[in-house]
Amino acid sequence: MATKLPEAPRVGMVSLGCPKNLVDSERILTKLRSDGYAMSPDYAGADVVLVNTCGFLDSAKEESLEAIGEAIAENGRVIVTGCMGKEAETIRARFPNVLAVTGAHQYEEVVGAVHEAAPMPPSPFVNLVPDAGLKLTPRHYSYLKISEGCNHRCAFCIIPALRGDLVSRRPDAILREAEKLVEAGTKELLVISQDTSAYGVDIRKEPRMWKGQEVIPHMTDLARELGRIAPWVRLHYVYPYPHVDQVIPLMAEGLILPYLDVPFQHSHPEVLRRMKRPASGERNLERIERWREVCPELVIRSTFIAGFPGETEEEFAHLLDFVRAARIDRAGCFAYSPVAGAAANELPGMLGDELREERRSRFMAVAEEVSTAKLRERIGQTLQVLVDAAPAQGRRGGVGRSYADAPEIDGTVRLLPPQKISKTLKVGEFTRAQIVDAQGHDLVAVPV
């Protein structure tokens, strides 16, 4: 018996302006064709029409507006892209029924808008790539990059030279990707960037529509919307700027995980000044105390550098005192190492290799002492655990993580065999578990 394949949605294209616009149109159509879409030579046969506009001259703008009007009159389902995308308000004022408006070179947004307006019907014979894309992580957790590059010029870092200044993704594109990941089975979204706290500073005046409401490109607004999509949302690389205070209530409400990955790097103001870090360390201890007042369950992980050029014994002692006082839950430490092209290489007071490594070892001893004490406080608690591994259909126990544990970098929760015969553990599912012991960086728990 023959299998009838579903018909692919058809896309029409009107391309205006210069050859650069034509190349953009070709790239968009190439991507859509590779996604399985068919092309339509006329309005009547199209499920959605793309109008790639030109905005170089007033006459070109008027021609673009006329083309949009014609497409709406003939088809009704229109997505606008190209140079006039910067004048979205003008376009929407004249044509409020357009499905989406994107700017020039925004291929991801255009393709995403087409997928939303005319979804591809599911078919194992046609859709060789899932909506969530090809992943190198397990199905139940996914990394979600919200921006690229960095505006800071930390003395020990060459990221801006490699990746350029901050470029934030549109919030609606991020949320669309998050939704697809969750629909494909993701339970935990791990939000990553070079500087998550700076998300949106380059596009702060460009709010986008999502589910009928405007979303401002700001860390707090994005975190709130992500929390409405995924069961777990975990924030990484959060610089301790004052506006991070606005995210803590979302954690207290249970909208996002009460977990912050904050790369403090050091605590002493003079060392931070030499590092050219964007946030002063003088009030970080006070800030952490305020965070925990709002959200007592908050877990903080961080990274530090020991033996930075010019670091005195007094400044290093200040760092150890900070880790103890702040009760950093998880801490990693690197002995300073010169990186080709980094400004720190020119600083006076370069420490010897042995001293740098000795300070790193001393730091880790203190950090592990603090972490062990905090883990032992968990004994007796019942936590929600996301199962990462469950051999023998989960009847013999398994391995998972609590909200306090990011994959690969933090500890795990070793799950003993469930006490109830009827209970089994499944990879990618949540289970409630009572903590019965702490061993090294890990917890031991019994599923309940």
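Residues numbered from 1 in each chain as written. Predicted model: local features only at pLDDT ≥ 70, side-chain atom pairs only at ≥ 80, totals over all residues. Heavy atoms only, no water.

A look at the sheet that holds strand β20 (residues 442-447)
Working definition: the strands of a sheet are paired by backbone hydrogen bonds and lie parallel or antiparallel to each other. Using the following cut-off: Strands qualify as paired when DSSP identifies two bridges or more between them. Strands here are runs of E lasting at least two residues and helices are runs of H or I lasting at least four, both read from the DSSP assignment and numbered beginning at the N terminus. Lines fitted to C-alpha atoms define the axes, with helix axes restricted to the stretch in contact, and inter-axis angles between N-to-C directions lie between 0 and 180 degrees.
Reading around the barrel, the five strands line up as β16-β17-β18-β20-β19 and close back on themselves, with mixed pairing between neighbours. Between one strand axis and the next, the sheet turns by 50 degrees as a mean value, whatever way the strands run. By the bridge criterion, three bridges tie strand β18 (residues 413-415) to β20 in an arrangement that is parallel. Its bridge partner being in β20, V413 is matched across the sheet by L443.

Comments concerning helix α11 (residues 313-326)
Worth spelling out the cut-off: To estimate how far a helix should reach, multiply one less than its number of residues by 1.5 Å. We call a residue buried when its accessible area falls under 20% of the maximum for its residue type, exposed when it is over 50%, and partly exposed in between, using a 1.4 Å probe and counting protein chains only. Think of the arc as the fan of directions from the helix axis to the C-beta atoms. Whether two residues touch is decided by their heavy atoms; if any such pair falls within 4.5 Å, the residues are in contact.
Taking 1.5 Å as the rise per residue, α11 with 14 residues should run 20 Å; its terminal C-alpha atoms sit 20 Å apart, in good agreement. The complete set of buried residues in α11 reads E315, F316, L319, L320, F322, V323 and A326. Taken end-on, α11 shows its buried residues confined to a sector of 155 degrees, consistent with a single buried face. Along its buried surface, α11 packs onto α9 (269-275), α10 (284-294), β14 (299-306) and α12 (353-376).

Overview of the packing of helix α6 (residues 171-183) against helix α7 (residues 219-227)
The cut-off we apply is this: Orientation categories follow fixed angle ranges, with anything under 35 degrees roughly parallel, anything over 145 roughly antiparallel, 65 to 115 roughly perpendicular, and all other angles oblique. Crossings are sorted by hand: turned counterclockwise from the far helix by less than a right angle, the near helix makes the crossing left-handed, and turned clockwise it makes it right-handed. By the convention adopted, Pro, Cys, Tyr, Trp, Phe, Met, Ile, Leu, Val and Ala count as nonpolar, Lys, Arg, Asp and Glu as charged, and the other residues, Gly among them, as polar.
Their axes nearest at 10 Å, the elements α6 and α7 cross at an angle of 25 degrees. Between α6 and α7, the angle is such that the two are roughly parallel. Remark: the crossing between α6 and α7 carries right-handed chirality. Along its contact with α6, which presents P171, I174, L175 and A178, the element α7 presents L222, E225 and L226. Here the residues of the contact of α6 with α7 are counted per class, giving six nonpolar, no polar and one charged.

Examining the sheet that holds strand β4 (residues 78-82)
Reading across the sheet, the five strands line up as β2-β1-β3-β4-β5 and stay open at both edges, with parallel pairing between neighbours. Whereas interior strands pair on both sides, the edge strands pair on one side only; in this sheet they are β2 (38-39) and β5 (100-101). Together, β1 (10-15), β3 (48-53) and β4 form the strand contacts of helix α2 (residues 58-74), whose direction differs from that of β3 by roughly 175 degrees.

Notes on the nonpolar core
Definition in use: To form a nonpolar core, buried Ala, Val, Leu, Ile, Met, Phe, Trp, Tyr and Cys residues must be joined to one another through side-chain atoms within 4.5 Å.
One finds L226, L235, M251, L260, W291, I328 and F363 to be the most contacted residues of the largest nonpolar core, which totals 51 residues. It is α11 that provides the largest number of residues to this core, a total of six residues. The contact partners of W291, leaving out residues within four places of it in the chain, are V244, D245, I248, L260, V262, L298 and I300.

So, unusual backbone geometry
The backbone phi angle of K211 is positive, close to 55 degrees, even though this residue is not glycine. Its place among the elements puts K211 in the loop between β10 (208-210) and β11 (213-215). Positive phi outside glycine occurs at E408, with the angle close to 75 degrees. Looking at where E408 falls in the secondary structure, it is placed in the loop between β17 (398-401) and β18.

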